[in-house]
Amino acid sequence: MRISRRLQELGIVLPQPPRIPPGVVLPFGWVRIHGTRAWISGHGPTDLDGSFAKPLGRVGAEVKPDEAYRAARLTGLAILGSLQRALGDLDRITAWGRVFGMVNCAPGFLEMPGVINGFSDLIFDVFGSDRGQHARSAIGVAELPFDIPVEIEAEVVIDELK
Amino acid sequence: MRISRRLQELGIVLPQPPRIPPGVVLPFGWVRIHGTRAWISGHGPTDLDGSFAKPLGRVGAEVKPDEAYRAARLTGLAILGSLQRALGDLDRITAWGRVFGMVNCAPGFLEMPGVINGFSDLIFDVFGSDRGQHARSAIGVAELPFDIPVEIEAEVVIDELK
Amino acid sequence: MRISRRLQELGIVLPQPPRIPPGVVLPFGWVRIHGTRAWISGHGPTDLDGSFAKPLGRVGAEVKPDEAYRAARLTGLAILGSLQRALGDLDRITAWGRVFGMVNCAPGFLEMPGVINGFSDLIFDVFGSDRGQHARSAIGVAELPFDIPVEIEAEVVIDELK
């Protein structure tokens, strides 16, 4: 149970499942597992109770760059929470693969890489530089659901359950 | 031939291959198969003859949310048509994996999840909740080719041909 | 060493690693390898020394469509350079899989497929129509890091090192 110990060391508590606003139906799961592969649905930043973390809005306007970095880290915690629930044990993650970071940008805001570093830094802190290594893209998108400032999807390689 | 029967039950007829406007060259295929993996190129909504379905434009402006939901469903039918042609038999699809939904958004339109549900609902109807399960992201993009309101790409796991 | 010979035939010299502007930290690698899979981080167009190629800006405004086609080709060369360094030998690439092309669009610019063809045409030239075959999406995004006109991420299948 190395990863759970590492989370304790870092003082990290994983949040509850994302709480989607009333009236919205998401018919799919937060993590799709098949064989040794786990695809992670787009997540946003959440507080411990799973509700979307404030501030909402566009980075470079309503949301400052350092708040956006924190939002990307919170998005990572939300994803780790979903993986924990889907896998039972985060140590089943053999390798991180692909990370795709989408930033809700005000026009002219170009510091998307610095924002999504909030996610990458967390993954490296928790999984180390080998297991946590990943390919990444960061882009600025026109709009994100629920006006969240950051949305991240990812793919990891897992141990199959025997 | 379970999926073909299911399509008949649902009264679904799959469209012809997407018809790209004259002057545009797309050098790649609609589905890339390698081993047990099939990556699906970005598709838009098409009518039965493969031409892009109306209305075109931005969701929240020229295209209403319920029209966009239908566009996402039509995009799903276009993808099923491409998969049928590429695989020969949709029952070779073992599992849906990743779905990425891009919505051509008017500024301030945030209901991308409800739009892309037009795709997810179709996949669950046809493949059921196990095989059809998928990870998904939905985002608002600045522009889409041909001014289509929705573009979706995906990845599925397939049985290899012996 | 078929691919290196093919590059010579085409007169192609691969660029140095991308040079990120001072003050920006990218904690992840350009290529993530695990087993037979290689995920390629989002790359932009670079000159031979690895610095981002001019012109920067939005396609359809500061960047003309034919300059954007060239930018997509340069992005392909940057990616081939990263793959060469990560794999040691481009012949380890068994198959191209997924290509995702993001175009920094001026409002109303819709010719993203023609732009990203600069990448696809290169891959087909170098790898041929079988190995180079790929699924692709092309979209217009609101902003790209460093104001690059094109960003491309991809996934390839590789031979595992024995």
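Whatever comes next refers back to the structure up there.
Let us look at the structure shown here. Computed from a prediction, not measured in an experiment: that's the story for all the values here.

Helix and strand counts for chain A stand at 3 helices and 5 strands. Overall, chain A shows an N-to-C arrangement of helices and strands of α-β-β-α-β-α-β-β. The C-alpha atoms of chain A give a radius of gyration of 15 Å, which matches the 15 Å a tight globule of 162 residues would have. Based on the C-alpha atoms only, the size of chain A along its principal axes is roughly 50 × 35 × 30 Å.

Okay, the interface of chain B and chain C next. The partner chain C presents 24 residues to the 23 residues of chain B that form the contact. Looking at the side of chain B that touches chain C, the elements that each hand over two or more residues are β1 (31–34), β2 (37–43) and β5 (150–158) of chain B. The leading source of residues in the side of chain B that touches chain C is β2(B), at 4 residues. Per-class residue counts for the side of chain B that touches chain C are 14 nonpolar, 4 polar and 5 charged.

Next up on the list: helix α3 (residues 112–131) of chain A. Its 20 residues place the ends of α3(A) only 24 Å apart at the C-alpha level, less than the 28 Å of an ideal helix rising 1.5 Å per residue. Of all bends in α3(A), the biggest is about 80°, found at A:Asp125.

Glancing now at unusual backbone geometry. In this chain, A:Lys54 is followed by A:Pro55 through a cis amide linkage whose omega measures -5°. On the secondary structure map, A:Pro55 appears in the loop between β2 (37–43) and α2 (65–87). For C:Phe146, which is not glycine, the phi torsion reads 65° and is therefore positive. As for its placement among the helices and strands, C:Phe146 is situated in the loop between β4 (135–141) and β5 (150–158). On the basis of neighbour counts, which here come to 16 C-beta atoms within 10 Å, the residue C:Phe146 falls in the partly exposed class.

This brings us to the interface of chain A and chain B. Contact with chain A, which involves 23 residues of that partner, is made by 24 residues of chain B. Elements that contribute at least two residues to the side of chain A that touches chain B include exactly β1 (31–34), β2 and β5 (150–158) of chain A. Counting residues per element, the side of chain A that touches chain B draws most heavily on β2(A), at 4 residues. Partitioned by chemical class, the residues of the side of chain A that touches chain B number 14 nonpolar, 4 polar and 5 charged.

Between chain A and chain B, which share one sequence, the superposing operator has a rotation angle of 120° and an axial displacement of 0.0 Å; the RMSD is 0.0 Å. Between the two chains, the operation in question is that of a three-fold axis.

All names here are of chain C. Interhelical geometry of helix α2 (residues 65–87) versus helix α3 (residues 112–131) gives an angle of 35° and a closest axis separation of 7 Å. When you trace α2 past α3, the crossing you get is right-handed. Contacts from Pro65, Ala68, Tyr69, Arg70, Ala71, Ala72, Arg73, Thr75 and Gly76 in α2 reach Gly114, Val115, Ile116, Asn117, Gly118, Phe119, Leu122 and Ile123 in α3. The residue inventory of the contact of α2 with α3, partitioned by class, reads 10 nonpolar, 5 polar and 2 charged.

Below, the discussion takes up the environment of A:Leu83. Within the secondary structure, A:Leu83 is located in helix α2. Excluding residues that lie within four positions of it along the chain, A:Leu83 makes contacts with A:Val31, A:Ile40, A:Leu90 and A:Ile93.

Moving on, we get to the sheet that holds strand β2 (residues 37–43) of chain C. Picture the strands of a sheet paired through backbone hydrogen bonds; they go either parallel or antiparallel. All names here are of chain C. Reading across the sheet, the 5 strands line up as β1-β2-β5-β3-β4 and stay open at both edges, with mixed pairing between neighbours. The open sheet is flanked by β1 (31–34) and β4, the only strands paired with a single partner. For this sheet the average axis-to-axis angle between neighbouring strands, irrespective of direction, equals 10°. Both β2 and β5 contribute to a ladder of 5 bridges, which runs antiparallel. Bridging from a neighbouring strand, Trp39 pairs with Glu155 of β5. Those strands touched by α2 are β1, β2, β3 (93–104) and β5, and its axis lies near 40° from that of β5.

Turning to helix α1 (residues 2–9) of chain A, a few remarks are in order. Little of α1(A) is tucked away, with 0 of its 8 residues classed as buried. Count one or two residues on from α1(A) and you reach A:Gly11, which has phi positive near 70°.

The transform that puts chain B on chain C rotates by 120° and translates by 0.0 Å along the axis, for an RMSD of 0.0 Å. Little of the interface of chain B is mirrored in chain C, where only 9% of its interface residues again form contacts.

Residues A:Val103, A:Val141, B:Val103, B:Val141, C:Val103 and C:Val141 are the most contacted members of the largest nonpolar core, which totals 153 residues. Those residues in contact with A:Val103 that lie beyond four places of it in its chain are A:Val59, A:Ala68, A:Met112, A:Val115, A:Ala138, A:Gly140, A:Val141 and A:Val150.

All names here are of chain A. Along the chain, the position of Pro22 falls in the loop between α1 and β1. With 5 C-beta atoms packed within 10 Å, Pro22 lands in the exposed category. Linking Pro22 and Ala86, residues 64 residues apart in sequence, is a C-alpha distance of 23 Å.

Moving on: the sheet that holds β5(B). Residue and element names in this part refer to chain B. Taken together, 5 strands build an open sheet; the order of strands is β1-β2-β5-β3-β4 and the sheet is mixed. Whereas interior strands pair on both sides, the edge strands pair on one side only; in this sheet they are β1 and β4 (135–141). Across this sheet, the average inter-strand angle for adjacent strands is 10°, counted without regard to direction. Taken together, the 4 bridges between β1 and β2 define a ladder with antiparallel strand orientation. Bridging across to β2, Ile33 finds its partner in Ala38. Sitting on the sheet, helix α3 (residues 112–131) is in contact with β3 (93–104), β4 and β5, with an inclination near 170° to β3.

Another point: the environment of A:Tyr69. For A:Tyr69, the position within the fold is in helix α2. Leave out the neighbours within four places in its chain, and A:Tyr69 touches A:Gly114, A:Val115, A:Asn117 and A:Gly118.

Rules behind the numbers
Residues numbered from 1 in each chain as written. Chains lettered and ligands numbered in written order. Predicted model: local features only at pLDDT ≥ 70, side-chain atom pairs only at ≥ 80, totals over all residues. Helix = DSSP H or I, 4+ residues; strand = E, 2+ residues; numbered from the N terminus. Rg over C-alpha atoms; globule rule 2.2 N^0.38 Å. Contact = placed C-beta atoms within 7 Å. Nonpolar A, V, L, I, M, F, W, Y, C, P; charged D, E, K, R; others polar. Expected span 1.5 Å × (residues − 1). Bend = angle between axes of the 7 residues up to and from the residue. Buried ≥ 20, exposed ≤ 12 C-beta atoms within 10 Å, placed from the backbone. Least-squares fit on C-alpha atoms with pLDDT ≥ 70 in both. Axes fitted to C-alpha atoms, helices over the stretch in contact; angles between N-to-C directions. Left-handed = near helix turned anticlockwise from the far one by under 90°. Pairing = 2+ DSSP bridges. Core = buried A, V, L, I, M, F, W, Y, C linked by C-beta atoms within 7 Å.

By themselves, these figures tell us nothing about what the structure is for.
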